[in-house]
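As a plain string of letters, each chain reads:
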Amino acid sequence: MPRTYDLVLFGASGFTGRRAAARLAERMPAGVRWAIAGRRRQPLEDLAATLSPTPDVLVADALDAEATAALAKDTRVLVSTAGPYAVLGNALVAGCAASGTHWCDITGEVPWIRDIVARHHGQARETGARIVPACGFDSIPSDLGALLTARALPQGQPIDVIGGFRLKGGLNGGTFATALHHANHRWPGPAALDAVPGAIHPPDRRTVTFDDRLASWTAPFVMAPTNTRVVRRSASLCAEDGAPWGHPFTYDEVALAKGRGRALALQWGLAAAHWASARIPALVRPWGPAPGDGPSESTIMGGHFAGIFVGTAANGASARTVFQRSGDPGNEGTTRMLAAAAIALLQGRGPGGVRTPANAFGPALADDLRADGFHIVTEVA
Ligand SMILES: NC(=O)c1ccc[n+]([C@@H]2O[C@H](COP(=O)([O-])OP(=O)(O)OC[C@H]3O[C@@H](n4cnc5c(N)ncnc54)[C@H](OP(=O)(O)O)[C@@H]3O)[C@@H](O)[C@H]2O)c1
């Protein structure tokens, strides 16, 4: 059956969704039939009127299995910014996997990615649906940074990559709600998303250390429990396809800090935030932004992020990738990365299944992001 749309953006009325819609409109190839979707018609109509090319408006509740299945069946690519995905993504992804529709999103929810791998990887391989979660700040910089670094090193031997991040940005209501949703559940372990069992991974960082490879004081990084699992899935999916990143490949991730004092402050701040959101969520909730809200435009445009990736091969060779952009990583960076992933799904080919950004798009995605203002450079030492 011919499909009415090439691309549908679901959750377009949300804080990230509105920005993602604008980024997609800017980049939409000529002749693409697209729509924005969500549960409330009026804000979607208002948004559509600001976009060129003007999208159609579709109304569906994410919890309505029939409506989401119909939506998924009638487009080639479905992009979603409606989260928490553990609540709002299940029916949509089930619809995509069943009908061979490609999917991408900006989740950082490893428990949910693990669930959709278990439920839909096999089916999506059969229908050809390329399901690609984590196409925002979590986890495209880590995933591409690790890929580019590992690929610059001699192959056929052990490769170890460490990623270090520094960033400045704001907090969205949707991100805050999603973090609280998962706060008192156990986070899946280091190998949770591995496609091939048996790999040995470093444990999640808990302490402050000086890292010689990064030449910096380091602390536990808030996104590392997501990014490390995604990067390891990428490497293991490539190993499954016969193109391993190293024999073996290991990846670890930290926050970079200017001095030991700043590193300790990051460590304690993160530990306090985890403790409070798990133990006293009702007291924490009023302090954060409400769903639908987010940082001011000046905070978004005044933000930035940088990821430094250092890889070492067993023979002593090393490579270093810098991946950075101005603008709040969770809004400006994320919506640009999501748009690039969505366009890649629209235009590219590849096997179905629950994939990762690096596995689905490879280094071509980095070329596309460079053209959109990202600074991504790999050097071999
Ligand atoms: N990876 C990253 O860097 C990154 C960055 C930012 C956000 N995120 C993630 O993206 C998600 C959205 O964040 P946000 O700040 O944009 O949140 P938000 O502003 O609260 O938007 C949530 C969206 O979900 C929609 N929605 C809620 N319940 C629905 C339902 N039952 N059916 C259909 N649509 C429904 C909302 O529609 P209404 O407008 O009708 O309420 C809205 O469009 C979160 O999970 C967040 O963690 C990730």
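Residues numbered from 1 in each chain as written. Predicted model: local features only at pLDDT ≥ 70, side-chain atom pairs only at ≥ 80, totals over all residues. Heavy atoms only, no water.

Caption draft 1: Broad picture of the sheet that holds strand 10 (residues 249-257). With respect to topology, 7 strands assemble into an open sheet ordered 8-9-10-7-11-12-14, the strand pairing being mixed. In the strand order of this sheet, the two ends are held by strand 8 (209-211) and strand 14 (375-380), each with one partner. Adjacent strand axes in the sheet meet at a mean angle of 30 degrees, parallel and antiparallel pairs treated alike. Pairing between strand 8 and strand 9 (residues 216-219): 3 bridges, direction antiparallel. Bridged to F210 within strand 9 is W217. (Pairing = 2+ DSSP bridges. Helix = DSSP H or I, 4+ residues; strand = E, 2+ residues; numbered from the N terminus. Axes fitted to C-alpha atoms, helices over the stretch in contact; angles between N-to-C directions.)

Caption draft 2: A look at helix 9 (residues 224-240). Here helix 9 is 17 residues long and its end C-alpha atoms lie 24 Å apart, about the 24 Å a rise of 1.5 Å per residue gives. For helix 9, the buried fraction is high: 14 of the 17 residues fall into the buried class. Where helix 9 ends, the next residue or the one after it, G242, has phi of about 85 degrees, a positive value. (Expected span 1.5 Å × (residues − 1). Buried < 20%, exposed > 50% of the residue type's maximum accessible area, 1.4 Å probe, protein only.)

Caption draft 3: Region of the structure containing the domain arrangement of the protein. Taken as a whole, the protein is organised into domain 1 (5-134 + 335-361) and domain 2 (140-328 + 362-380). A straight line from the C-alpha centre of domain 1 to that of domain 2 covers 23 Å. Listed by partner, the interface residues are 31 residues for domain 1 and 42 residues for domain 2. Both faces considered, domain 1 and domain 2 share a buried interface measuring about 2,900 Å² in area, 64% of it formed by carbon and sulfur atoms. When residues of domain 1 are sorted by the area they lose upon contact with domain 2, F15, V110 and M337 head the list and together hold 22% of the total. Linking domain 1 to domain 2 there are 4 salt bridges. In this structure, the salt-bridge partner of R27 is D368, at a minimum N-O distance of 3.0 Å. Inspection of the region where domain 1 meets domain 2 yields 10 residue pairs in polar contact (both at pLDDT 80 or more). At the level of secondary structure, the elements contributing two or more residues to the side of domain 1 that touches domain 2 comprise helix 1 (15-27), helix 4 (85-88), helix 6 (110-127), helix 13 (329-347) and helix 14 (357-361). With 7 residues, helix 6 is the single largest residue contributor to the side of domain 1 that touches domain 2. (Domains from an automatic or database assignment. Contact = heavy atoms within 4.5 Å. Buried area = accessible area lost by both parts, 1.4 Å probe. Salt bridge = Lys/Arg side-chain N within 4 Å of Asp/Glu carboxyl O. Polar contact = N/O pair within 3.5 Å; in protein donor to acceptor, adjacent residues only side chain to side chain.)

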